[in-house]
Structure formats: C-alpha cells, structure tokens
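Fold and contact review
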2 protein chains.
Amino acid sequence: MDCTLCLAEMETPIWRDGSCRVILVRDHDYPGFCRVVWHEHVAEMSDLTAPAQRHLMNVVLATETALRQLMQPDKINLASLGNVVPHLHWHVVPRFRNDRHFPQPIWGIPQREGARHETPAVQALAGAIVTALTELTAG
Amino acid sequence: MDCTLCLAEMETPIWRDGSCRVILVRDHDYPGFCRVVWHEHVAEMSDLTAPAQRHLMNVVLATETALRQLMQPDKINLASLGNVVPHLHWHVVPRFRNDRHFPQPIWGIPQREGARHETPAVQALAGAIVTALTELTAG
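All values reported here derive from a predicted model rather than from experimental measurement.

Considerations on the overall build of chain A
- Along its length, chain A carries three helices and five strands.
- Ordered by position in the sequence, the α and β elements of chain A form the string α-β-β-β-α-β-β-α.
- Taken over the C-alpha trace, chain A has a radius of gyration of 15 Å; the compact-globule value for 139 residues is 14 Å, and the two agree within 12%.
- Over its C-alpha atoms, taken along the principal directions, chain A stretches across nearly 40 × 35 × 25 Å.
- Partitioning the intrachain contacts of chain A with sequence separation of at least 6 by distance along the chain shows that 52% fall at a separation of at least 24.
- Carbon and sulfur atoms provide 52% of the accessible area of chain A, an area that totals close to 6400 Å².
- Of note, chain A has its 12 positive side-chain charges centred 6 Å away from the centre of its 15 negative side-chain charges.

Digging into the pattern of salt bridges
- Using the criterion set out here, one finds twelve salt bridges over all chains in the structure.
- Taking the shortest distance from any N to any O, the salt bridge between Asp-47 of chain A and Arg-68 of chain B comes out at 2.9 Å. Of this pair, Asp-47 of chain A sits in the loop between β3 (34-38) and α2 (50-71) while Arg-68 of chain B sits in helix α2 (residues 50-71), which puts the two residues in different chains.
- Of the residues examined, Asp-47 of chain A reaches a relative accessible area of 37% and is grouped as partly exposed.

Points about the interface of chain B and chain A
- The interface is formed by 34 residues belonging to chain B together with 34 residues belonging to chain A.
- Interface area for chain B against chain A, summed over the two sides, is near 3000 Å², with a carbon-plus-sulfur share of 54%.
- Taken as a group, Glu-44, Lys-75 and Asn-83 of chain B account for 21% of the area that chain B buries against chain A, more than any other trio of residues on that side.
- The partner of Lys-75 of chain B in a salt bridge is Glu-44 of chain A, with the nearest N and O atoms 2.7 Å apart.
- Summed over the shared surface of chain B and chain A, the number is 22 residue pairs in polar contact (both at pLDDT 80 or more).
- The element that contributes the greatest number of residues to the side of chain B that touches chain A is α2 of chain B, accounting for eight residues.
- Residue classes in the side of chain B that touches chain A are distributed as 16 nonpolar, ten polar and eight charged.
- Pairing analysis gives three bridges linking strand β4 (residues 75-80) of chain A to strand β4 (residues 75-80) of chain B, with the strands arranged antiparallel. Bridging from a neighbouring strand, Leu-78 of chain A pairs with Ser-80 of chain B of β4 of chain B.

Some words on the side chain of Glu-64 of chain A
- Here Glu-64 of chain A shows up in helix α2.
- Buried within the structure, Glu-64 of chain A lacks any salt-bridge partner; its nearest side chain of opposite charge belongs to Arg-68 of chain A, at an N-O separation of 4.3 Å.
- Setting aside its immediate chain neighbours within four residues, Glu-64 of chain A contacts Ile-76, Leu-78 and Val-92 of chain A together with Glu-44, Met-45 and Ser-46 of chain B.

Observations concerning the sheet that holds β4 of chain A
- Strand order in the open sheet made by the ten strands is β1(A)-β2(A)-β3(A)-β5(A)-β4(A)-β4(B)-β5(B)-β3(B)-β2(B)-β1(B), with antiparallel pairing throughout. What marks the edges here is a single partner per strand, and that holds for β1 (13-16) of chain A together with β1 (13-16) of chain B. Here the strands of the sheet are splayed against their neighbours by 15° on average, with no regard to which way each runs.
- With three bridges connecting them, β1 of chain B and strand β2 (residues 20-24) of chain B associate as antiparallel partners. When the bridges of β2 of chain B are listed, Arg-16 of chain B appears paired with Arg-21 of chain B.
- Here helix α3 (residues 122-138) of chain B sits on the sheet and contacts β1, β2 and β3 (34-38) of chain B; the angle it forms with β1 of chain B, its principal contact strand, is near 20°.

Here is what the cut-offs are and how they apply
Residues numbered from 1 in each chain as written. Chains lettered and ligands numbered in written order. Predicted model: local features only at pLDDT ≥ 70, side-chain atom pairs only at ≥ 80, totals over all residues. Heavy atoms only, no water. Helix = DSSP H or I, 4+ residues; strand = E, 2+ residues; numbered from the N terminus. Rg over C-alpha atoms; globule rule 2.2 N^0.38 Å. Contact = heavy atoms within 4.5 Å. Areas by Shrake-Rupley, 256 points an atom, 1.4 Å probe, with all protein chains shown as cover. Lys, Arg positive; Asp, Glu negative; His and termini not counted. Charge placed at Lys NZ, Arg CZ, Asp CG, Glu CD. Salt bridge = Lys/Arg side-chain N within 4 Å of Asp/Glu carboxyl O. Buried < 20%, exposed > 50% of the residue type's maximum accessible area, 1.4 Å probe, protein only. Buried area = accessible area lost by both parts, 1.4 Å probe. Polar contact = N/O pair within 3.5 Å; in protein donor to acceptor, adjacent residues only side chain to side chain. Nonpolar A, V, L, I, M, F, W, Y, C, P; charged D, E, K, R; others polar. Pairing = 2+ DSSP bridges. Axes fitted to C-alpha atoms, helices over the stretch in contact; angles between N-to-C directions.

By themselves, these are just geometric observations and shouldn't be taken as functional.
Here's what the structure looks like:
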C-alpha cells in the first residue's frame, strides 16, 4: 500500500474519530486550509453508505462553520477531487478577496502575490469543530 | 438582483424539486458535467439548516451515482466554490485519465487536448438521478 493518505505519516490531526480526521494543511498562501480525510481507502463519496456520507459531510460542514467563525473569510470553497490520490478526502478552504487566486479556484492561475491572513489557533479550531458538529448532529 | 443563478434564463434543468435543480452543463471538454443549484440565494452550505444540507448533498450524490452508472468515469470531482457567483451550487464532474486536465482539477493548467467521451442522454440521466435519490433517502 503506497497511498499517502493511508500512510498519513506527516499529519497532525486536529480532530478525529473512528471514521475520519481533520488535518490543518500548512499552506503558506491559504491559512486555515483544512483537509477532512476518510480513514478507509475508498475513492468516491458514493462508495460510502448513506449514514457514512452524512457523517463525513457533517464533519466537513462543521469544519466550514468553525473556519467561518474564527476567520470570517469572504467565501468557503469545498472540494473532493482525488485525481492524484484516489482516497476520499475533502478540501475546506477559507478564501479572501485579496488571496493569491481569488476569485479563481486555488488550483487556477495566480492573480496576485496574496495578502497574509492569520492561521487560527489549533485548539480554538478543534473546539469550534466539536461545537459545530454537536449542533449539526442534533439538527 | 443580477445573480445569474437566480435569473437562470439559459438553463434547462434535467431534474428539479422545490429546493434545488440539476443542470447539464454543456462543456465541450467535460461531457456529463452537472451543476446542482440551490434555488434560494444563499452563499454557503453552512447557511442552510441541517435537513436542507442533507437534502442538497443527497441530490449531489445521486447525480454522482447516476454519472458513474452511465459513464464509468475514472473519478468524480465534487466542488462548491462560488467565488465568482456566490449563490450556492455544486459542480459534479466526471473525469477521465485522458481528459483535458487530468489529474489536475478542471480549473488548472490543461495537460492535453483531451479525448472525447459520450454525453449521456438527458432522459437516462434524469431517470438514474431519481432512482439513486430514492435509494439514498431510504438509506
């Protein structure tokens, strides 16, 4: 097995449970960029059962809520691509009008050098994810 | 109101209900590319209630399932960006190893001219979405 998301040696999860984990991606241009990784090596959302899909999306959307609370970005971008690493994972990216690619996707052509924004503290982010997840699963 | 997704003049939905609609995007390079658009003008998934989030994701994932059944792509890409048009919508993109950008996102740098693939028939796609949605909401 040579899937980098199965090996996960370089990661420091900020939250995890038995199904998935949230990683803070250390991207100089995109502070707060998080990746939500499903532990099991499957490729697509539709490879999961309906309850597993709901759980993973709840974690993705709790991460979105936490990042909005802590960073007040102009937009959130969500994406599950996996063309390079076909192991199910979601990108949750806080976007700002003055960031490196706005309004293009972060995989597009850079538009400018990009302004700096503060990365939220890991503990604050983890706490906000737990709170948002609790509210979502009660809703 | 000048939001293009509120006006929706150029669209032909292949499926719709009271909350959202599925559009077949006529992209020469990406046959089967669908867009799932929430009717109400909101920007983010976390602006929806939890039941509304689940419903929209069920429609997105039913579209994914239908496209996999009809096209057998090498990968599905899902993305909710909205930096240009901040009206909640999802891109559901069947990807093939020989398409224009693979393994890059479709917003990245083209890798080749890109092989042609068949666009599924609209009626077959609509039928497969309904079937997949029924199964998902029962699950």
